[in-house]
Amino acid sequence: MNQESLNIIRKIIWLRSAQILVNDLYKSGEFIVPIHLAMGHESIAVAVDIVMQENDSLVLTHRNIHYNLSRIGTLKEELDEYYLKETGLAQGRLGSMNLSNPDKGIIYSSSILANNLPVGCGYALGNKTMNLNGVVFIVTGDGAIEEGSFYESLLFLKSNNLPTIIIIENNEWSLGTKIHERRANIDLYKLADSLDIEYFLLQGNDPFEYKKELNAARNSALANSSPILVEVNLTTLGYWYLKNEIHPDGKFINYHGGPAPKVFNFKTKKYPEIVPSDQDPLYVLSKYLEPDELIEISREVVKELERELI
Amino acid sequence: MKYVQYINSLIKEAVKDKPNMVIFGQNIDAGSCLSGLTTGISELNKGLTINTTNSENTLVGVGFGLMLNNISSIFFMKQMDFLLLGIDQIVNTYNIIRQSNPSASFTIFPITVDSGYEGPQSSLNNFDDFCSIAGVEGYSFTNKEDTKKIISEQLVKPGFRILSTGQRLLREEMRELSIIYSDPDCKYFQYKKGDDITVVCFNQATPYGEELYKTILNHNITASLFSINSHLCADYEHIMNDIKNTRKLVIIDDSKSKNKLSDRFIINILDTCELKRKKVITRSLQENDFYPCKDTLEIDYNSVVDFMIS
């Protein structure tokens, strides 16, 4: 395995560990701002970070911790922002759900469902106005595609030939309802096809596959001056089962935001995998490295995070 | 000259030398070009001029995205009613954008629908109320001089604002009024100076004030005439001094919603002026406002003057 691939694996483990550390602090009541963790979203975030080039930009949602941490590569400034300190990433003026970082290409994050898509459209139009050869990555979710501005934005991007990649993180949940509980199916391939927009489906949490596909999507967006739709099937980890008299067998509780109560604490596991399936990007990494190699990287990551926060 | 032609000439003057400007909106460079408002602008604009999709929410977001990319833009739209579809962007997105003191300009230029015959869905004629939702800078104008001041100073300048005039006035001959005092930020103007009555006009009501002024002169007394052009709190000291002198005040506000700027102005007066006579000419929402009907204020000018001098 080459160094670049090792760096990708290391980054995914670091991103998971950093989030578990945030979750620990969150569980202990450290933050007053609402935070939406993205455990289970690490592969797509790291792949986007690698694929982005100098003139590219990233537009995010309320669940942005994975992209923000991937882009900056350190934790302290993000934590300080959650503490609303002046030393925070945005001097304590944005908190979590609106956290952006223009120095790293994250130009806007919105807590309003689908609100970021139109802003991404405008930013891409600005690139066109300046003849700037960059791609705008706009991240959204399966809940936001129910909003009218999702369709409006696709139409605007296509009508104005704007190279963009719309990433739909499809975790099937909108707060406490699954897709089939709230709406009819949306076939994104057909929707994209109807607008003559290319569609990619990513699933399985393999970061190397994601990197390859996103590079292809990016090249196509630039070559054809067109938006590209990328649907990513993933699971937001941190879910748990509530057992009580009414639900003796356990009721599934989806993780949406706030602390994930059942996720183990930082340093209590040698390797921070949460579920042993390809729902978990850390489980997927075992395709590439032996368990002891992954544990060794995890140990280094824990030390790195501890050093940073001392 | 029709008022719309005059506004069109001012817009062209304001944008002709601006590089990289994006001017967009539905039918702005097609058909009647918004009844002549945007005629010929594409030929002068050195940047992009775009006939857009019918997607108001996205289009407002596009303006903010352009701003984040340091590109100035103007979004022209036929009716302010349509802008209600973009209120999420105006409130929520602008709350983020305004933190960064952007160097680019974004102006939305809707026409306030005040003819009354559009039907039940076009009852929103209170421009100040609309702008106040997000504390957005908004400027309305009704005549040659205030239009010239506001368009030349506010249409293209760093930051975000909304400019609007009434649909009814656009079709009429341009009204000429000379400004004798101007608030430095174009928030109000004085056109006449007199010693007997102070007339203050809100929303699109200045033409009514002009008619009242003429009636007052016919009674061999004099009056001061003001227009309030922006809802943002201004220093009204100049007007207050005039009211303290005349101690007789007529307020004319043709807006229909319940949150009237003139109400806030009256609170100011209660704190600072002792009045001998006062008359508030306004309208409340009535049942027939939701049917197609004439939207003008019915004012018996002679009765108003008789009351004020009695």
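Quick caveat, the model's predicted, so the values are computed rather than measured.

A. Broad picture of unusual backbone geometry. Residues and elements named next belong to chain B. The backbone of Asn27 sits at a positive phi, close to 60°, despite the residue not being glycine. Within the secondary structure, Asn27 is located in the loop between β1 (22-25) and α2 (41-44). Residue Asn27 is classed as partly exposed on the basis of its 17 C-beta neighbours within 10 Å. For Asn220, which is not glycine, the phi dihedral falls at a positive 60°. For Asn220, the location among the structural elements is in the loop between α9 (206-218) and β10 (223-228). Overall, the presence of 8 C-beta atoms within 10 Å leaves Asn220 in the exposed class.

B. Focus on the packing of helix α2 (residues 42-51) of chain A against helix α9 (residues 207-224) of chain A. Residues and elements named next belong to chain A. Interaxial distance between α2 and α9 falls to 9 Å at its minimum, and their mutual angle equals 45°. Judged by the inter-axis angle, α2 sits oblique to α9. For the pair α2 and α9, the sense of crossing is right-handed. Along its contact with α2, which presents Ser43, Ile44, Val46, Ala47, Val48, Ile50 and Val51, the element α9 presents Pro207, Tyr210, Lys211, Leu214, Asn215 and Arg218. Broken down by class, the residue content of the contact of α2 with α9 amounts to nine nonpolar, two polar and two charged.

C. Seen up close, the interface of chain A and chain B. The partner chain B presents 25 residues to the 25 residues of chain A that form the contact. Contributing elements (two or more residues each) for the side of chain A that touches chain B: β2 (106-109), α5 (116-129) and α6 (148-159) of chain A. A per-element tally of the side of chain A that touches chain B places α5(A) first, with 10 residues. Considering only residue class, the side of chain A that touches chain B consists of 11 nonpolar, 12 polar and two charged.

D. Spatial organisation of α2(A). Within α2(A), nine of the 10 residues are buried, which leaves it mostly tucked inside the rest of the structure. Considered for burial, the residues of α2(A) that qualify are A:Glu42, A:Ser43, A:Ile44, A:Ala45, A:Val46, A:Ala47, A:Val48, A:Asp49 and A:Val51.

E. Structural context of α5(A). Residues and elements named next belong to chain A. In a regular helix each residue adds 1.5 Å, so 14 residues correspond to 20 Å; α5 covers 20 Å between its end C-alpha atoms and thus fits that length. Extensive coverage of α5 is indicated by the burial of 13 of its 14 residues. A positive phi of about 55° marks Asn131, the residue just after α5.

F. Structural view of the confidence of the model for chain B. Mean pLDDT for chain B: 93, with 100% of residues reaching 70 or above. Two summary scores accompany this predicted model of the complex, namely pTM at 0.94 and ipTM at 0.93.

G. Molecular detail of the nonpolar core. Counting 137 residues, the largest nonpolar core has A:Val48, A:Val59, A:Phe137, A:Ile167 and A:Val230 as its most contacted members. Among the elements that make up this core, the one with the highest residue count is helix α1 (residues 3-27) of chain A (11 residues). In contact with A:Val59, other than residues within four places in its own chain, are A:Ile107, A:Tyr108, A:Asn116, A:Val119, A:Gly120, A:Tyr123, A:Val136, A:Phe137, A:Ile138 and A:Val139. Counting 30 residues, the second largest nonpolar core, distinct from the first, contains B:Ala205, B:Tyr213, B:Ala223 and B:Tyr236.

What counts, and where the lines are drawn
- Residues numbered from 1 in each chain as written.
- Chains lettered and ligands numbered in written order.
- Predicted model: local features only at pLDDT ≥ 70, side-chain atom pairs only at ≥ 80, totals over all residues.
- Helix = DSSP H or I, 4+ residues; strand = E, 2+ residues; numbered from the N terminus.
- Buried ≥ 20, exposed ≤ 12 C-beta atoms within 10 Å, placed from the backbone.
- Axes fitted to C-alpha atoms, helices over the stretch in contact; angles between N-to-C directions.
- Parallel < 35°, antiparallel > 145°, perpendicular 65-115°, else oblique.
- Left-handed = near helix turned anticlockwise from the far one by under 90°.
- Contact = placed C-beta atoms within 7 Å.
- Nonpolar A, V, L, I, M, F, W, Y, C, P; charged D, E, K, R; others polar.
- Expected span 1.5 Å × (residues − 1).
- pLDDT = per-residue confidence, 0-100.
- Core = buried A, V, L, I, M, F, W, Y, C linked by C-beta atoms within 7 Å.

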